[in-house]
Amino acid sequence: MPYYPDQRYALEMTTIQREQTLPEDAIGSVEVRQGASVNLRDIVARGILPSRYIMVDAAGQMRLKKSEDLGDILKVSVGDLVTAKEVLAEAPKGRRRVVAPVDGIVADINNGQIILQIEPETVELEAGLDGQVIRIQQGQGVVIETYGSVVQGAWGNSRRVIGTLKTEPNSGLESLYGEDLDIQFRGAIVITRRPLRQTGLDVMEDQNLGGIIAPSIEADLIDSVLAVKGAVMLTEGFGSLRMSGLVYNMLNNFNGRQATLEAVQPNRWQTRRPEVIINPSGRGQARAIRPNLNQTLTVGTNVRMTRIPHAGDIGTVVNLPKTPILLENGLKVLCAEVESVTGEKLTVPLANLEVFGR
Amino acid sequence: MSEEHSGSILAVDFGNVQTRALLIDLVDGFYRLVARGDTRTTAGFPANDARLGLNRVVEQITAVTGRKLLTNDGKIITPEQNDRSGVDTFVTTASTGRTMRTVVVGLVPDVSIASARRALAGTYVEIVEVLSLEDGRSVEQQINAIIGSRPDLIFITGGMEGGAEEPVLRQARAVQQALRLIKGGRKPALLYAGNSVLAPTMRDLFGTLATLFIAPNIRPNLEEEELEGAQAQLALVYNDQQAKRGSFGALTRMSRNGVLPTAQSYNLIADYIGQSTEQNVLTVDIGSAVGILSAYVEDHVTTSIRTDIGLGHSADSLLSTVGAATINRWLPFVTSTNQIRHYALNKTLVPGSVPETIKGIFLEHAFLRAGIGALVEASRPTWGKRLNLAQNTLTPQFDTIIGAGAGLTETGSSGFGTLLLIDAIQATGVTRVQLDTYGVIAALGSLAYTNPEAVVQVLESSSLETAGTVFSISGIPALNRPVLHVRIKTSDGQVIKHHVSGGHIWVYPLGIGKTATVDVSAGRGLSINGKGRVKVTAEGGTVGLIFDGRGRPLPLANDAAGRAAQIPLWIAEITGNPPILIADDWLTDAVDEGMGLDMETEETIRKSKQRGGLFGGGRRKAPAKAEKSVELRPDLRLKDEEPKEELPVRNDLDDLRR
């Protein structure tokens, strides 16, 4: 039987389709048309985030016997913008009136009540990619297709940043702390091979870094990472894990290139992965090959191992035994024999192997 | 849904990690499990389309049976054709996807709202807001609370049959106003299960504003609670929600009854087995994201679904729920809270992965035991009312316990899976243990409404793996002193006598389908479900007859060194393999606890390789130093109870597992 391993992309020049949507609770509209070309910073959708509702008992204040009678004396309609103290309803000859308690929108008029929505916060959605809009999701966002390189990580802090990829100084990211502002790192997405620590976050703040790509953090740093303004992506996970050689080399090759870091925080329902997308530097789209969703594991497939003791290691499948293998820890599962980049032969459960997308 | 008779059935369950398919067909006039397949669920990245996984798993069945089941455009062929292609019935269940954010609206927290919570415990929901007459908020605040919680479902209940109507209507009008204000395509569904006199009014209030489901009153009076009708409607709501989600929309149209919640299957199967055997039954499934426990107790079935209890996606929330100390309680080595957290967090990132190291497997099983323990604790109050458990902290006797989920069924040893189950539940008395190795429960639940005959026949055809019968003593037994006196008379007249010592497990390998008369008496001050002596006809299985002399509550040592002497020994006693030796440096504080996952160093791996793994693997060569370290710790093994002298335990189903 073919085995379809999990995929975590590390691809150069590939076709990328990404959904960009407004926050789930936003009510919005898409600002571009299907087929339109968009740049990184273009606004593709705008929306408003729901805010508090205020109920104004207009019929009661007007001392109406029947709430239906409110219609005759209303001065506003649903959808109207109103300012505080603006008249909402007024009896003939101005004997009684109801005024808006706050600035807002008339959201509903029902049962003698005028319901105002306090002026909501607006949100704008950037394209985040140079590409073409291939699908519109009415009121929510767009799907953009582009081509470029993509490196996916394991965890992110729910931030997005567009910036220049920069490899950390030889002395390490933390060596930047307290230095005079180094303009080359301002707004940049800095790649560090070392686990990220609090000092690294301090540097991010101190030097105004746009983002950091690091292999791992200690669990007790999660809250701090979630609180920083910039985007942080972990390529491996939690603890003191080193960055996979393949991932580091790929990122290092893009040093100085503009990239979009989508530090998506994974959860059970999240269909996206944290990733960095590097837009092409003028080379032809023809070279872009789509990822293979149906990639199976075969002898010769390059894989990344996901669990300790080999987490992050890269290798090539050299054999696929047909029967389950008893592991050192007593589990009996289907495995692959993998030759690591150091030439070591490893027996690894199929469930612990990822492929790169093609 | 009417009862019907059909031939071949394809049942597919979409889990959060695995998609499993079963082909059930008539063989000599009886429904039998014919073929199975499983693959990774593809509802998430990169495909975001569950149908891809469906196609893959169906192709596996085609490869095994030669039967074509898919059309060229990826649809299931129904009904079965003359050339044997296709199936008569295609049914689906799912536990994947987002839980339904639910607002509960009722009158009194201890009455209608409490009943609503219990009804909701049977499906995949997250209660995000509760509105009652007693919450002290204004209507405006309640409306804002409803809208702000972004619900998928609003569940209105309250009012007894023939009782006052106005309080319920007042709550309903607030909900109506909230629904009027929710814009866009995010209108929640609405389920009403209150005073039935108000059902037509609810139709008037909500008919144009939301998809409305109406169920019988869940609390017809103060004494009675009727959850079944609401739970059936909740299954429809779940299906309705799934239909709105991309690829599941197509699946709901393809399958016979839409997509039903997997959890309901456990409820239905526990109910069926409980009713047919007139015994207490417990089914437990701990998956990647969700833990499900269904218990049939004294003619009544209850189900708890916990989306915070799972071994993959929910590993970190499980840790938050139970606490690191509860996990640590099951670890035979010294570790830190941070290391446990790292394990949980990394597991959430690769939820379908399996542990490769010895420490990893102990951590995984510590999470599993703690998770099931939490499910049991959460469910106890519902059994307590029927069993008067208030005076007894032990788990009541369940005559049958069924374990499901890869964590329990894919350990590589039925004995190990059984041990995990009885440890976590702390089974008492005499219990038949079964493992849902092939994931049949989910499939059968989806057939229960339309083809109960198939459910009965498949269940009775050994589709569940029977591990055996466990005899557990309650009380605190004296260590290494005889505490269980066993006399087994097999069907061929052979008599076996054995004294099981305190702190130990003894297995008599009575095979699958065999029964024996077992006469067991407990030592002084101890009991078997409250009795000093029990004589029963017991069923064997892939493990056999298991005599647990460890006591209840299970006397786990308080320190890692003590547990290192206990847990590996118990695993060895139930699996029949040599015990794993815990290295000395795993029991000291010398390990750098700040190094996170570095605890599983190459040195550890090297040592584990020398030992030949947890179950020995037939090539155990323990280094002299490690042997010495064991001698330094309390040795629970009796001089005359060397594992090699025991009869080998053969797990006949092992070879069938992939």
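Structure first, text after, so check above.
Scoring rules and cut-offs
- Every chain is numbered on its own, with residues counted from 1 as its sequence reads.
- Following the order in which they are written, the chains are lettered starting with A and the ligands numbered starting with 1.
- Predicted model: local features are reported for residues with pLDDT of at least 70 only, side-chain atom pairs are reported and counted for 80 or more only, and whole-chain, interface and lining totals are derived from all residues.
- With hydrogens and water set aside, each side-chain value is computed from the structure's full complement of heavy atoms.
- Any two residues whose heavy atoms approach within 4.5 Å are treated as being in contact.
- By definition, the buried area sums, over both parts, the 1.4 Å-probe accessible area that each loses when the two are put together.
- Between Lys or Arg on one side and Asp or Glu on the other, a salt bridge is scored when a side-chain nitrogen of the former is within 4 Å of a carboxyl oxygen of the latter.
- In the analysis that follows, any N or O atom pair within 3.5 Å is treated as a polar contact, provided that within protein one partner can donate a hydrogen and the other can accept it, and provided that, for residues neighboring in sequence, both atoms belong to side chains.
- Working definition: helices are DSSP H or I runs of at least four residues, strands are E runs of at least two. Numbering for both runs from the N terminus.
- What we call a nonpolar core is a set of buried Ala, Val, Leu, Ile, Met, Phe, Trp, Tyr and Cys residues that are connected through their side-chain atoms within 4.5 Å.
- Only protein chains enter the accessibility calculation, which uses a 1.4 Å probe; a residue is then buried when its area is under 20% of its type maximum, exposed when over 50%, and partly exposed in between.
- Where each domain starts and ends follows an automatic or database-derived domain assignment.
- Between 30 and 60 degrees the pair is tilted, below 30 it is stacked and above 60 it is edge-to-face, where a pair is any two Phe, Tyr or Trp rings, Trp via its six-membered ring, whose centres lie within 6.5 Å.
- The criterion for a charge sitting over a ring is simple: Lys NZ or Arg CZ within 6 Å of the ring centre, and within 35 degrees of the ring normal.

(A) Broad picture of the interface of chain B and chain A. In this assembly, 72 residues from chain B lie in contact with 62 residues from chain A. Approximately 5800 Å² of surface area, both sides summed, lies buried where chain B meets chain A, with 55% of it carried by carbon and sulfur atoms. The three residues of chain B that bury the most area against chain A are Phe45(B), Leu349(B) and Glu356(B), which together make up 14% of that side's buried surface. Connecting chain B to chain A are three salt bridges. One salt bridge connects Arg180(B) with Asp108(A), and the closest N-O pair in it is separated by 2.7 Å. Our count for the chain B to chain A interface comes out at 19 residue pairs in polar contact (both at pLDDT 80 or more). Those elements that provide at least two residues to the side of chain B that touches chain A are β3 (30–40), α1 (50–65), α3 (139–148), α4 (166–181), α11 (337–349), α12 (358–387) and α18 (602–611) of chain B.

(B) Summary view of the nonpolar core. Residues and elements named next belong to chain B. Among the nonpolar cores identified, the biggest contains 73 residues, and Leu-10, Phe-155 and Leu-444 are the most heavily contacted of them. Per-domain counts for this core show at least three residues from each of domain 1 (9–94) and domain 2 (100–244). Beyond its immediate chain neighbours, meaning those up to four positions away, Leu-444 contacts Ile-24, Ile-269, Val-455, Val-458 and Leu-459.

(C) Focus on the packing of aromatic side chains. One pass over the structure, following the stated rule, counts eight aromatic pairs over all chains. Ring geometry for Phe333(B) and Trp586(B): centres 5.8 Å apart, planes at 75°, overall edge-to-face. Remark: Trp586(B) occurs in the loop between α17 (560–575) and α18 and Phe333(B) occurs in the loop between α10 (324–328) and α11; sequence separation between them is 253 residues. With respect to burial, Phe333(B) and Trp586(B) carry one shared label: buried. On the basis of an interplanar angle of 15° and a centroid distance of 4.9 Å, the ring pair of Phe471(B) and Phe547(B) is categorised as stacked. One end of the pair, Phe471(B), is in strand β16 (residues 465–472); the other, Phe547(B), is in strand β22 (residues 544–548), and 76 residues separate them in sequence. For Phe471(B), a relative accessible area of 0% gives the class buried. Members of the aromatic cluster, each reached through a chain of ring pairs, are Phe471(B), Trp506(B), Tyr508(B) and Phe547(B). Just above the ring of Tyr248(A) sits the side chain of Arg193(A); from NZ or CZ to the centre is 4.3 Å. The ring of Phe333(B) has Lys359(B) lying over it, and the distance from NZ or CZ to the ring centre is 5.1 Å.

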